[in-house]
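# Coordinate analysis (summary)
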Amino acid sequence: MVLLTDPELNNQVKSQLLWDNRVSATDVNVTVDNGTAVLTGVVPSYRAKVAAAEDAWTVPGVVKVNNQLRVQYPTTVTVPADSEIAANIKTVLTLEPNIDSSKINVGVVGGVVTLTGTVNNYWKKIQAEEDAYGITGVIDVINELGVVPTGKLSDEVIARNIEAALERNFNVNVDNVTVKVSNGVVTLSGTVANWSAWQAAYNAAAYTSGVINVVDQLSIRYA
């Protein structure tokens, strides 16, 4: 692979953001330094902020994304009161078939959402956050949900299950990824070839039973 220079990466990231209709990137600024893309400016929703970071990651040569975008809803959008935002999030969580919303508390102050309580799988913690940031009026999400698995698996079993999932995934060279598990907390380290490989490795840990948290220490190293 021929790696792009920082100015070339800058142009590629800008083009990707302008292409993505979810982002509305006319007020987004991009700078790239040694492969690190910094996003600043304004987007019209929290979902747009998340999408912008994902778009930047997909550009070959980007090794890190620093998302400093601010959420500012257009004047044409009626922003609900904090109490209504909280109620809307609770409604969405209630409709999630795999999440026990009765164990999740939702607080909203100035559009900033804080999720507390417990879920029984790590991926459900991530799903709850994704449900929250899709609600109109949300400008940030603080995810303080605890993960309390219903069954106890040993760290060794969790590690083996993650490594087996990595071996089955063609996006990841399992020899370059180290998996360590301590009291259900998974630490991933080593190198992956691109953002798709990083996502695959992270998901392998996030979707494994018994995992309560994932610490990402992976580096993207383009060949």
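Structure: see above.
This write-up is about the structure you can find in this document. (Residues numbered from 1 in each chain as written. Predicted model: local features only at pLDDT ≥ 70, side-chain atom pairs only at ≥ 80, totals over all residues. Heavy atoms only, no water.)

## Observations regarding the packing of aromatic side chains
This model, assessed by the stated rule, comprises 2 aromatic pairs. With centroids separated by 5.5 Å and ring planes inclined at 50°, the aromatic side chains of Tyr46 and Tyr133 adopt a geometry described as tilted. Of this pair, Tyr46 sits in helix H2 (residues 46–57) while Tyr133 is found in helix H4 (residues 122–133), placing the two residues 87 residues apart along the sequence. Classification of Tyr133 as buried rests on a relative accessible area of 12%. With a centroid separation of 5.3 Å and an interplanar angle of 20°, the aromatic rings of Trp198 and Tyr202 are classed as stacked. Of the two residues, Trp198 and Tyr202 are both situated in helix H6 (residues 195–206); the distance of 4 residues between them amounts to about one turn of the helix. Of the residues examined, Tyr202 reaches a relative accessible area of 15% and is grouped as buried. (Phe/Tyr/Trp six-rings, centres within 6.5 Å; stacked < 30°, edge-to-face > 60°. Helix = DSSP H or I, 4+ residues; strand = E, 2+ residues; numbered from the N terminus. Buried < 20%, exposed > 50% of the residue type's maximum accessible area, 1.4 Å probe, protein only.)

## Looking at the sheet that holds strand S11 (residues 213–220)
Here we have 3 strands laid out as an open sheet, ordered S9-S10-S11, and mixed in their pairing. Looking along the sheet, the strands with just one partner apiece sit at the ends: strand S9 (177–182) and S11. Taking the axes of each pair of neighbouring strands and ignoring which way they run, one obtains an average angle of 10° across the sheet. Both S9 and strand S10 (residues 185–192) contribute to a ladder of 6 bridges, which runs antiparallel. Considered in S10, the bridge of Val181 is made with Val186. The sheet contacts of helix H5 (residues 155–167) involve S9 and S10, and relative to S9 the element is tilted by about 155°. With respect to the sheet, H6 is in contact with S10 and S11, its orientation differing from that of S11 by roughly 160°. (Pairing = 2+ DSSP bridges. Axes fitted to C-alpha atoms, helices over the stretch in contact; angles between N-to-C directions. Contact = heavy atoms within 4.5 Å.)

## Digging into the packing of helix H1 (residues 6–19) against H2
Remark: H1 packs on H2, axes separated minimally by 9 Å, with the N-to-C direction vectors making an angle of 135°. Judged by the inter-axis angle, H1 sits oblique to H2. When you trace H1 past H2, the crossing you get is right-handed. For the pair H1 and H2, contact is made by Val13, Gln16, Leu17 and Trp19 and by Ala52, Asp55 and Ala56, respectively. Taken together, the residues of the contact of H1 with H2 break down into 5 nonpolar, 1 polar and 1 charged. (Parallel < 35°, antiparallel > 145°, perpendicular 65-115°, else oblique. Left-handed = near helix turned anticlockwise from the far one by under 90°. Nonpolar A, V, L, I, M, F, W, Y, C, P; charged D, E, K, R; others polar.)

## Some details on the pairing of strand S1 (residues 28–33)
Only one face of S1 is buried: it carries Val28, Val30 and Val32, and the other face, with Asn29, Thr31 and Asp33, is open. In terms of strand pairing, S1 meets strand S2 (residues 36–43) through 6 bridges, oriented antiparallel. Looking at S2, one finds that Val28 is bridged to Gly41. Connecting S1 to the next strand, S2, in antiparallel fashion are 2 residues, including Asn34 with a positive phi near 55°.

## Some points on H1
Side chains three or four residues apart in an α-helix point the same way, a direct result of the helix having 3.6 residues per turn. Between the first and last C-alpha of H1 there are 20 Å, a value that for 14 residues agrees with the 20 Å anticipated at 1.5 Å per step. All of the buried residues along H1 are Leu9, Asn10, Val13 and Leu17. Burial along H1 is one-sided: seen end-on, the buried residues are contained in an arc of 105°. In this structure, H1 carries Pro7, Leu18 and Trp19 as exposed residues pointing more than 90 degrees from its buried face. Buried residues along H1 sit in contact with S1, S2 and H2. (Expected span 1.5 Å × (residues − 1). Arc of directions from axis to C-beta.)

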